[in-house]
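Residue strings, one per chain:
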Amino acid sequence: MPAMGDRIVYVRAVEVADLPLSLQEQAEGLTQIYAVHSTDGAQLALVADKKLAFALARENDLAPVSVH
């Protein structure tokens, strides 16, 4: 079983306008989405809302932490 620190992921808001155009087109009218990052900063996922980001992390046995 991995140590707790290995299971932490960070969830932060991302402005769609700051994303590459190919991702902006997929945002379907949203102005803000949420990114899930590993502790080393690697982006693991982009999702439509914070609740979904936390649910996705927990479904994968990860411990989400909100970053402001």
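Up top is the structure.
For the structure given in this document, a descriptive report is provided here. All values derive from a computational prediction rather than experimental measurement. (Residues numbered from 1 in each chain as written. Predicted model: local features only at pLDDT ≥ 70, side-chain atom pairs only at ≥ 80, totals over all residues. Heavy atoms only, no water.)

Bringing the pairing of strand β2 (residues 32–38) into the picture now. Counting buried positions along β2 gives 6 out of 7 residues, so the element sits mostly inside the fold. Across 7 bridges, the pairing between strand β1 (residues 8–15) and β2 is antiparallel. Its bridge partner being in β2, E15 is matched across the sheet by Q32. Pairing between β2 and strand β3 (residues 43–47): 4 bridges, direction antiparallel. Considered in β3, the bridge of A35 is made with L46. (Buried < 20%, exposed > 50% of the residue type's maximum accessible area, 1.4 Å probe, protein only. Helix = DSSP H or I, 4+ residues; strand = E, 2+ residues; numbered from the N terminus. Pairing = 2+ DSSP bridges.)

When we look at burial in helix α3 (residues 50–59), the residues that qualify are A53, F54 and A57. Summarising the axial view, the buried residues of α3 lie within an arc of 95°, below the 170-degree limit, and thus occupy one face. Turned more than 90 degrees from where α3 packs its buried face, K51 and E59 sit exposed. On its buried face, α3 sits against β1, β2, β3 and β4 (63–66). (Arc of directions from axis to C-beta. Contact = heavy atoms within 4.5 Å.)

Let's shift gears to the side chain of S38. Counting through the fold element by element, S38 comes out in strand β2. Look at S38 and you get buried, because its relative accessible area is 16%. For S38, the side chain forms a polar contact with the side chain of D40, separated by 2.3 Å. Among residues more than four places away in sequence, those in contact with S38 are V9, Y10 and L44. (Polar contact = N/O pair within 3.5 Å; in protein donor to acceptor, adjacent residues only side chain to side chain.)

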